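Topology and contacts: notes
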Number of protein chains: 2
Amino acid sequence: MTIQPWEAKASIARTKRDESVARVEPPLQGLPDTLPLNSQELPKAILTSKEIEITEKYSVTELLAKLHSRELSAEEVTRAFLRRAALAHFATNCLTELLWDEAIERARYLDSLPEPVGPLHGLPISTKEHHGTKSPNGTANASYVAWIGKPQGSILLYDTLWDAGCVFFARTTQPQTIMHLETSSNIYGRTVNPYNRDLTCGGSSGGEAALIGMRGSVLGVGGDIGGSIRCPAAHTGIYGFKPTVKRVPSGGQRTHMIGKETIFSTLGPMTTDREALELFMKVALSVKPWRLDPSLTAKEWTPYKFTRPLKIAVQWWDGVVMPHPPMIRALKEVSEACKAAGMEVVDWDCESLNHRRGWEITAALYWPDGGEEVLGLLEEGGEPILPLTKFIIHEQPSVKKLDQHGLWKLCAERDAYREAYAKHWTNTGKADGKEVDVILCPPSFGAATPHEQSRYWGYTSNWNLLDYPGAVFPVTTVDPEKDKKDLDYKPKNAEDQFVYDMYTPEKYKDAPVSLQIIGRRHYDEKVIAALTEIERAMGRK
Amino acid sequence: MTIQPWEAKASIARTKRDESVARVEPPLQGLPDTLPLNSQELPKAILTSKEIEITEKYSVTELLAKLHSRELSAEEVTRAFLRRAALAHFATNCLTELLWDEAIERARYLDSLPEPVGPLHGLPISTKEHHGTKSPNGTANASYVAWIGKPQGSILLYDTLWDAGCVFFARTTQPQTIMHLETSSNIYGRTVNPYNRDLTCGGSSGGEAALIGMRGSVLGVGGDIGGSIRCPAAHTGIYGFKPTVKRVPSGGQRTHMIGKETIFSTLGPMTTDREALELFMKVALSVKPWRLDPSLTAKEWTPYKFTRPLKIAVQWWDGVVMPHPPMIRALKEVSEACKAAGMEVVDWDCESLNHRRGWEITAALYWPDGGEEVLGLLEEGGEPILPLTKFIIHEQPSVKKLDQHGLWKLCAERDAYREAYAKHWTNTGKADGKEVDVILCPPSFGAATPHEQSRYWGYTSNWNLLDYPGAVFPVTTVDPEKDKKDLDYKPKNAEDQFVYDMYTPEKYKDAPVSLQIIGRRHYDEKVIAALTEIERAMGRK
């Protein structure tokens, strides 16, 4: 068999990655020859009880308290997460680099200081590969073979997290083009779900999700332009938050299509804990980042307080694709809990808003050059175009190479969609003066899909099109008893049929089921506050 | 002589305009056969003393107080401004329509109500033609012959002003393409400066400026993408404010290039009074307009209070074109007053920031299609391309028809310029922790230019490129004794030579000289607060 030049190049990157993971001391002992379907029981068998304690027992806030009080040293915390991250990688293939030496060096430095340097003192933070880190001479390839070995950029947000005292310790996988809702690339292969390796971890921040879903990290940074924080967070049972665009600084990544402004991605937190979402936002905005990145909205993080019971609109479906039974059950369970807690729960009737057209607009906005730049990068690297890349570029009929006038027309249509949606929302308050506070909705049509099946983005991408902030939180897991297939359902269209046919509960063993809370544009604080209220209604802390 | 079809069509629009102005009752009596160079003395000779009282004696706030207390009726106030507007039009050619009947009907309706309807109850407001008004069946042509008779749009901002109780009473001229810093079109001809008819009123909101400069209106609405509020306000000695883009709703105008987002225009107030700037912003944002126009930043108007003496940076020149002597004197006078009031005054050294390159980027951002759509509209109307249209499209070497990749590159360059500027500003606080609060700078290289000479935009357009809010306020008038030409100055480049050669104080008899206050992006409230502090330092109320 001939090795293609791109394979040779990818192999160099993989070797570098493997060597970085092999730095783990002591090496992981007792790894099974055959990986289990569900990886959740692995850590107990491999890690020390102290490592289990550090990585499992505490919330982010509790861990930070122990780091600040010096009850735990930054070094021991960092070492525990480094080893657990290596194990998560063994189980799910989620890393592109383990920053063993530099993370420990950083942790030791922090331990040497007389006082904690900031709110994140000693906290290990994982990051999506193409973001880069503060590593000197770090590289980033953004999953493009053509970019292997290229220097990483410099992200303003990471300066802030660094100054707040964090330890960057692990870099995580993303898919080819960073535009799949799964995580597979020619360089690093496929990342799988830590609850069921036959299912995807979601994407594009799927390496983060698999890592955090294994508690190989408790706080990471993803990016989202179509669901890339929320989809993988949902599929792995963790928390994720996509802020309104231009609140968190997102510049400086190694990425394609710089200067495109039809639709923007945003960075945001992925974490094991609800409270860490707000902590992340507070830290990110505490430095008034708009003073250095003037594209940002100059708006302090201002925690929201509800003064009356929430009014929640439940989106049972989006008018295009019917969610799978576990998702519908999750919506029912949570909305019942909200009602029981005295909240007002109404339906989010969005059929008139035409989410199908919304998706067509969104796909076109992603690739106003018809995908030329990105396809050129793949060609430059000589690497094969993966099926989900074909899906998101070639198989979307609305994707076209536009001239300026075509672009303006598309942007005007986008704006009209946004305006109609805003008016619809405002009208929910017309009758009684009580406008809907947030929408409760699925973050996907179901739990994590089998590999290569993530071919309907509408449940996340609609909120990118609208630039509405959204938080994802875990609710339940697929239960074959409760979540039987509805044999009477008649699919309404080809996508609906595809999604309907995909489901049998048995495929989804142990898969987490999560929900999404959506707020109006720029009401990020309100989404976080609503998440707290709703989780409390669910009986959580 | 043959009448071209476009002339015939333009003549219909002019006739309609002339008929609307001729509705004035009683008709204006005693108009001079030959118009004086300076129109400021005309009203006294033509209007009644009551009309003079209503239109001259009160600030906007005082007028509103009298309207709210019913000491003045909306009808008498409206009639006074209608007649004065007709006179201003006679003097400067500033109107495209006088809304005689509907303004009086609206005023009578307001008078018939038991209580004032809102903060603008009974206040006549003038508007730029292409914005349209609340008129049923109103038309708008945006100065394009091709669009004569087309229906006007519906501006969300005008719904808000209307609901606050205003009376729309006059519509005002703008130049061809709405992209000159003067005001001349094939439909309505040239609007001149109410202080000196040999000089321009500025543009593109030049009709507003000429009208308000004659107190034919005390509050109007302009739009600004390169100086179109601030330049004419400066040239006519009134107040103008360009907010940060996407704070005030600007959608719904009849305009070209809808969907273009390289650089945005914004609506803003033009007025006789400083306080009315903030009143306008408060009213505009009081309804949370982002609930209907989701492109807007969701941010309440939050008046700013300084807690220490201002730190003001004076931009003596922009590194490209040296301002004329009256402008330099104005900068000196105001900065001395600020120092005397205890403020810190430093220089704004911007040569390293390269305003020249900034202008090249800006011109390219205006016309990413190479001007194709706009030139097509002129061709469709069969009308001649005016010299200042040629200047802003054909004579700018950076203007090019771009493909998507060219567009992205340009936008990335824009963003880099913005980032460098933001960092420069932030660094002003590095040494002592006291960052510059605002920049004090010229709103033009000089007072209003002789006609057709407004060929350097940098003093206003730089702040559009950066999206920094800016307020313009009157300072002095050209004084041939004090403002002698500097015969020793050696121009640095072709533009500088052009501007230098333009100046002799005699040309600028009676011309107002104004200055501009610039704040960081989204710090609109701070700019308004700084304007108040600076005017107080100047001994004003």
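Residues numbered from 1 in each chain as written. Chains lettered and ligands numbered in written order. Predicted model: local features only at pLDDT ≥ 70, side-chain atom pairs only at ≥ 80, totals over all residues. Heavy atoms only, no water.

Examining the overall build of chain A
Here is the rule we go by: Helix and strand definitions here come from DSSP, where helices need a minimum of 4 consecutive H or I residues and strands a minimum of 2 consecutive E residues; each element is numbered from the N-terminal end. Every radius of gyration here is taken over C-alpha atoms, with the globule rule written as 2.2 Å times N^0.38, N being the number of residues. Only protein chains enter the area calculation, which uses a 1.4 Å probe; residues under 20% of their type maximum are buried, those over 50% are exposed, and those in between are partly exposed. Every residue pair with non-hydrogen atoms within 4.5 Å of one another is taken to be in contact. Areas reported as accessible are Shrake-Rupley estimates using a 1.4 Å probe. Residue values count occlusion only from the protein chains shown. In this tally, Lys and Arg are treated as positive and Asp and Glu as negative; His is ignored, and so are the chain termini. Working definition for charges: the position is that of NZ of Lys, CZ of Arg, CG of Asp or CD of Glu.
Broken down by element type, chain A carries 18 helices and 15 strands. What you see for chain A is a C-alpha radius of gyration of 22 Å, in line with the 24 Å of a compact globule of 541 residues. Seen along its three principal axes, the alpha-carbon backbone of chain A occupies a region of about 60 × 55 × 55 Å. Here chain A, with 541 residues, has 64% of them falling under the buried criterion. Of all intrachain contacts in chain A linking residues separated by at least 6 positions in sequence, the fraction that spans at least 24 positions is 81%. Carbon and sulfur atoms make up 53% of the accessible area of chain A, which totals about 18900 Å². Side chains of chain A carry 64 positive and 70 negative charges; the gap between the two charge centres is 2 Å.

A few points about the packing of helix 10 (residues 274-286) of chain B against helix 18 (residues 524-537) of chain B
Residues and elements named next belong to chain B. Rules: Every angle, taken between N-to-C directions, lies between 0 and 180 degrees, and every axis is a line fitted to C-alpha atoms, over only the stretch in contact when it is a helix. Here is the rule for angles: anything less than 35 degrees is roughly parallel, anything more than 145 is roughly antiparallel, 65 through 115 is roughly perpendicular, and the remaining ranges are oblique. In this scheme the crossing of two helices becomes right-handed for a clockwise turn of the near helix relative to the far one and left-handed for an anticlockwise turn of less than a right angle. Polar here means any residue other than Ala, Val, Leu, Ile, Met, Phe, Trp, Tyr, Cys and Pro, which are nonpolar, and Asp, Glu, Lys and Arg, which are charged; Gly is therefore polar.
In the contact formed by helix 10 and helix 18, the axes pass within 10 Å of each other and the chain directions differ by 165 degrees. In terms of axis orientation, helix 10 runs roughly antiparallel to helix 18. Of the two elements, helix 10 crosses helix 18, and the hand of that crossing is left-handed. Listed contacts from helix 18 to Arg274, Leu277 and Glu278 of helix 10 are Ile528, Leu531, Thr532 and Glu535. Looking at the contact of helix 10 with helix 18 residue by residue, the classes come out as three nonpolar, one polar and three charged.

Some words on the sheet that holds strand 12 (residues 344-347) of chain A
Residues and elements named next belong to chain A. We apply this condition: Strands are labelled as partners when DSSP assigns at least two bridges between them.
Reading across the sheet, the 11 strands line up as 1-3-2-8-10-9-14-15-13-11-12 and stay open at both edges, with mixed pairing between neighbours. In this open sheet, the two edge strands, each paired with only one partner strand, are strand 1 (95-98) and strand 12. The average angle at which neighbouring strand axes cross in this sheet is 25 degrees, direction not considered. Here strand 11 (residues 311-314) runs beside strand 12; their pairing, made up of four bridges, is parallel. Residue pairing for strand 12: Lys311 is matched across the bridge by Glu344. Sheet contacts for helix 6 (residues 100-112): strand 1 and strand 3 (167-172); angle to strand 3, the most-contacted strand, approximately 160 degrees. Contacts from helix 16 (residues 458-466) reach strand 8 (219-224), strand 9 (239-242), strand 13 (438-441) and strand 15 (512-518) within the one sheet, and its direction differs from that of strand 15 by about 20 degrees.

Digging into the UniProt feature "active site" (unreviewed entry) in chain A
Residues and elements named next belong to chain A. Quick reminder of the rule: UniProt positions are given in the numbering used here, feature names are shortened, and annotations may be inferred rather than shown by experiment. Polar contacts, as counted here, are pairs of nitrogen or oxygen atoms within 3.5 Å of one another; within protein the pair requires one atom able to donate a hydrogen and one able to accept it, and residues that are adjacent in sequence qualify only if both atoms are side-chain atoms.
Here, the residues flagged by UniProt with the feature "active site" (unreviewed entry) are Lys128, Ser204 and Ser228. These annotated residues cover 101 residues of sequence, but their C-alpha atoms sit close together, with the largest distance between any two at 10.9 Å. Mapped onto the elements, Lys128 comes out in strand 2 (residues 124-128). Residues contacting Lys128, with those up to four places away along its chain left out, are Thr172, Gln174, Ile178, Ser204, Ser205, Glu208, Val221, Gly222, Gly223 and Ser228. Its place among the elements puts Ser204 in the loop between strand 7 (196-200) and helix 8 (206-213). The buried category is assigned to Ser204, whose relative accessible area is 1%. Here Ser204 is in contact with Lys128, Thr173, Gln174, Pro175, Ile178, His180, Glu182, Thr183, Gly223 and Ser228, once residues within four sequence places are set aside. Side chain to side chain, Ser204 and Lys128 meet in a polar contact 2.6 Å long.

Regarding the relation of the copies chain A and chain B
The following threshold applies: Least-squares superposition of the copies uses the C-alpha atoms of those residues scoring a pLDDT of at least 70 in each of them.
With an RMSD of 0.0 Å, chain A superimposes on chain B once it is rotated by 180 degrees and translated 0.0 Å along the axis. A rotation of that kind, with that shift, is consistent with a two-fold axis. If distances are taken from each C-alpha of chain A to the rotation axis, the shortest is found for Asp403 of chain A, at 3.0 Å. Interface residue correspondence from chain A to chain B reaches 100%, placing this contact among same-surface, isologous pairings.

Examining the pattern of salt bridges
Opposite charge on two side chains makes pairing possible when the charged atoms of those side chains draw close. All names here are of chain B. Rules: The working definition used for a salt bridge is a side-chain nitrogen of Lys or Arg within 4 Å of a carboxyl oxygen of Asp or Glu.
Tallying each qualifying case throughout the model produces 82 salt bridges over all chains. A salt bridge links Asp159 to Lys134, with the nearest nitrogen and oxygen atoms 2.7 Å apart. Of this pair, Asp159 sits in helix 7 (residues 156-163) while Lys134 sits in the loop between strand 2 (124-128) and helix 7, and the two are 25 residues apart along the sequence. In this structure, Lys434 and Glu344 form a salt bridge, with 3.2 Å as the shortest nitrogen-oxygen distance.

Considerations on the UniProt feature "binding site: substrate" (unreviewed entry) in chain A
Residue and element names in this part refer to chain A. Mapped onto the present numbering, the UniProt feature "binding site: substrate" (unreviewed entry) falls at Ile178, Ser204, Ile225, Gly226, Gly227 and Ser228. Across 51 residues, the annotated set stays spatially compact, with a maximum C-alpha separation of 11.1 Å. Assignment of secondary structure puts Gly226 in the loop between strand 8 and helix 9 (230-235). Gly226 sits in the buried class, given a relative accessible area of 0%. Dropping the residues within four chain positions of it, Gly226 is found in contact with Leu181, Tyr366, Trp457, Thr460, Ser461 and Asn464.

Some details on the pairing of strand 8 (residues 219-224) of chain B
All names here are of chain B. With six of six residues buried, strand 8 is to be regarded as a mostly interior element. Neither face of strand 8 is exposed, since Leu219, Val221 and Gly223 on one face and Gly220, Gly222 and Asp224 on the opposite face are all buried. Pairing of strand 2 with strand 8 involves two bridges; the strand directions are parallel. Bridge pairing in strand 8 links Thr127 to Val221. As defined by bridge partners, strand 8 adjoins strand 10 (residues 266-271) across six bridges and the pair is classed as antiparallel.

What about the interface of chain A and chain B?
Operational definition: Defined in terms of a 1.4 Å probe, buried area is the accessible area two parts forfeit on being brought together, summed over both.
Across the boundary between the two partners, chain A contributes 39 residues, which contact 39 residues of chain B. Of the roughly 3300 Å² buried between chain A and chain B, counting both surfaces, carbon and sulfur atoms make up 55%. When the buried area of chain A at its contact with chain B is split by residue, Arg291, Gln404 and Trp408 of chain A rank highest and sum to 22% of it. Where chain A packs against chain B, one counts four salt bridges.

Description of the packing of aromatic side chains
Residue and element names in this part refer to chain A. Where we set the bar: Pairing of aromatic side chains requires ring centres within 6.5 Å, counting the rings of Phe and Tyr and the six-membered ring of Trp. Pairs whose planes differ by under 30 degrees are stacked, by over 60 edge-to-face, and all others tilted.
Summed over all chains, the structure comprises 36 aromatic pairs over all chains. Relative to Phe168, the ring of Tyr158 lies with its centre 5.1 Å away and its plane at 40 degrees, an arrangement referred to as tilted. One end of the pair, Tyr158, is in helix 7 (residues 156-163); the other, Phe168, is in strand 3, and 10 residues separate them in sequence. As far as the burial class goes, Tyr158 and Phe168 line up, both buried.

A short note on the domain arrangement of chain A
Residues and elements named next belong to chain A. Here is the rule we go by: An automatic or database domain assignment supplies the start and end points of every domain.
According to the domain assignment, chain A consists of domain 1 (7-28 + 40-291) and domain 2 (311-538). The distance between the C-alpha centroids of domain 1 and domain 2 comes to 25 Å. Each side of the interface is counted separately: domain 1 has 52 residues, and domain 2 has 66 residues. Summing the contributions of domain 1 and of domain 2, the shared interface buries around 4900 Å²; its carbon and sulfur component is 58%. Measuring nitrogen to oxygen at the nearest pair gives 2.8 Å for the salt bridge that ties Glu535 to Arg274. For the side of domain 1 that touches domain 2, the secondary structure elements donating two or more residues are strand 4 (184-185), strand 6 (192-193), strand 7, helix 9, strand 9 and helix 10 (274-286). Along the lines of polarity and charge, the residues of the side of domain 1 that touches domain 2 split into 21 nonpolar, 19 polar and 12 charged.

A short note on the environment of Tyr523 of chain A
Inspection of the secondary structure assignment puts Tyr523 of chain A in the loop between strand 15 and helix 18 (524-537). The exposure class of Tyr523 of chain A is partly exposed, given its relative accessible area of 23%. Sequence separation of Tyr523 of chain A and Asp437 of chain A is 86 residues, and the distance between their C-alpha atoms is 9.7 Å. Filtering out sequence-adjacent residues up to four positions away, Tyr523 of chain A remains in contact with Thr244 and Pro469 of chain A together with Lys288, Trp290 and Ala298 of chain B.

Description of the side chain of His324 of chain A
Note that His324 of chain A resides in the loop between strand 11 and helix 11 (325-340). Not counting residues within four places of it along the chain, the set of residues in contact with His324 of chain A comprises Phe445, Gly446, Val499, Met502, Tyr503 and Tyr508 of chain A.

What about the sheet that holds strand 10 of chain B?
Residue and element names in this part refer to chain B. Sheet architecture is open: 11 strands sit in the order 1-3-2-8-10-9-14-15-13-11-12, paired in mixed fashion. A strand with exactly one partner marks an edge of an open sheet, and here the two such strands are strand 1 (95-98) and strand 12 (344-347). Within this sheet the neighbouring strands show an average axis-to-axis angle of 25 degrees, counted without direction. Here strand 14 (residues 470-477) runs beside strand 15 (residues 512-518); their pairing, made up of seven bridges, is antiparallel. What sits directly across from Val472, in strand 15, is Gln516.

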